[in-house]
Amino acid sequence: MTFRATFDGAHIKPDDPSALTRYKHTLVPGAKLAMSLEPWDDKRTPSQQGLLHEMLGRLGREQGMTLEVVKTQLKVDLGYYVPAERILSGEVVPKWRGRFVDLADVYEGYPMTLVFLRSEADYTRKMEGEFIDRVMLACDEAGVRIDDIRETIANDRA
């Protein structure tokens, strides 16, 4: 479980104590836990990343596409890119990492269209959450079973 807390100068207090209480109810007495503390970062969690790729893999298998093709299509759907001509003209200089992608390689019958696709490494937690929600919707629309992943994500967000 990942949760945000605030240090008041003497104590570390969870911002949402009820989430920690709910988690405690899932434990058995004597359970051993590993804990690590670090400054809060508004980027995605490693758990979100792993669950996202599991869903993308399932969706890709169902649709007969690679994980990378499915992921690229969904990122483009959300607008997490800049058209290449805006970068090459100097109009836009992204402050985030990414890679150039030809949309003709990911959409059948699409004309050559280069975009600079934002790297997930530079997504904020909000963007990662939007992306995960979009992937979940695509899985639902394709009939891909992700109940186990959905439950884990719900617990992780608590």
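One numbering rule holds for all chains: residues counted from 1, following each sequence as written. Restriction of local features to residues with pLDDT of at least 70 applies here, the model being predicted, together with a cutoff of 80 or more for giving and counting side-chain atom pairs; totals for whole chains, interfaces and linings are based on all residues. Hydrogens and water molecules were not included; the side-chain quantities draw on all heavy atoms of the structure.

Asks: Describe the overall build of the chain, listing the residues and the values that go with them.
Replies: Summing up its helical and strand segments, the chain has six helices and five strands in all. Counted from the first residue to the last, the chain has its helices and strands arranged as β-β-α-α-α-β-α-β-β-α-α. Going through the 158 residues of the chain one by one, you find that 33% of them count as buried. Per-residue accessibility takes into account occlusion by the displayed protein chains alone, with areas from the Shrake-Rupley method and a 1.4 Å probe. Total accessible area computed for the chain in this model is approximately 10,200 Å², and 54% of it derives from carbon and sulfur atoms. Helix and strand labels come from DSSP, where a helix needs a run of H or I of at least four residues and a strand needs a run of E of at least two; each type is numbered from the N terminus. With a 1.4 Å probe rolled over the protein chains alone, any residue whose accessible area is under 20% of its type maximum counts as buried; one over 50% counts as exposed, and the rest are partly exposed.

Asks: Can you explain the pairing of strand 5 (residues 114-118)? Please cite residues and give values.
Replies: By the criterion of burial, strand 5 is predominantly enclosed, with four of the five residues buried. As judged from the three bridges shared by strand 3 (residues 81-83) and strand 5, these two strands associate in the antiparallel manner. Paired with Val82 across the bridge in strand 5 is Phe116. Where strand 4 (residues 98-102) lies against strand 5, five bridges are found, and the strand directions are antiparallel. Paired with Phe100 across the two strands is Phe116, which belongs to strand 5. For two strands to count as paired, DSSP must find a minimum of two bridges between them.

Asks: Pulling in residues and values, what's your account of the sheet that holds strand 3?
Replies: One open sheet holds the three strands; their spatial order is 3-5-4, and the pairing between them is antiparallel. Edge positions in the sheet fall to strand 3 and strand 4, since each has one partner strand and no second. This sheet shows a mean twist of 30° between the axes of neighbouring strands, independent of strand direction. Against the sheet, helix 3 (residues 67-78) contacts strand 3, strand 4 and strand 5, and its axis sits at roughly 90° relative to strand 5. Here an angle of 0 to 180 degrees is reported between the N-to-C directions of two axes, which are lines fitted to C-alpha atoms, with helices fitted over the stretch in contact. Between two residues, a contact is recorded if the distance between any of their heavy atoms is within 4.5 Å.

Asks: Give a description of the packing of helix 3 against helix 5 (residues 125-142) that names residues and reports values.
Replies: Remark: helix 3 packs on helix 5, axes separated minimally by 10 Å, with the N-to-C direction vectors making an angle of 115°. The way helix 3 lies across helix 5 gives a crossing that is right-handed. Side by side, helix 3 and helix 5 meet where Lys71, Leu74, Lys75, Asp77 and Leu78 of the first sit next to Glu130, Phe131, Arg134, Val135 and Ala138 of the second. Here a crossing is taken to be left-handed if its near helix is turned anticlockwise relative to the far helix by less than a right angle, and right-handed if that turn runs clockwise.

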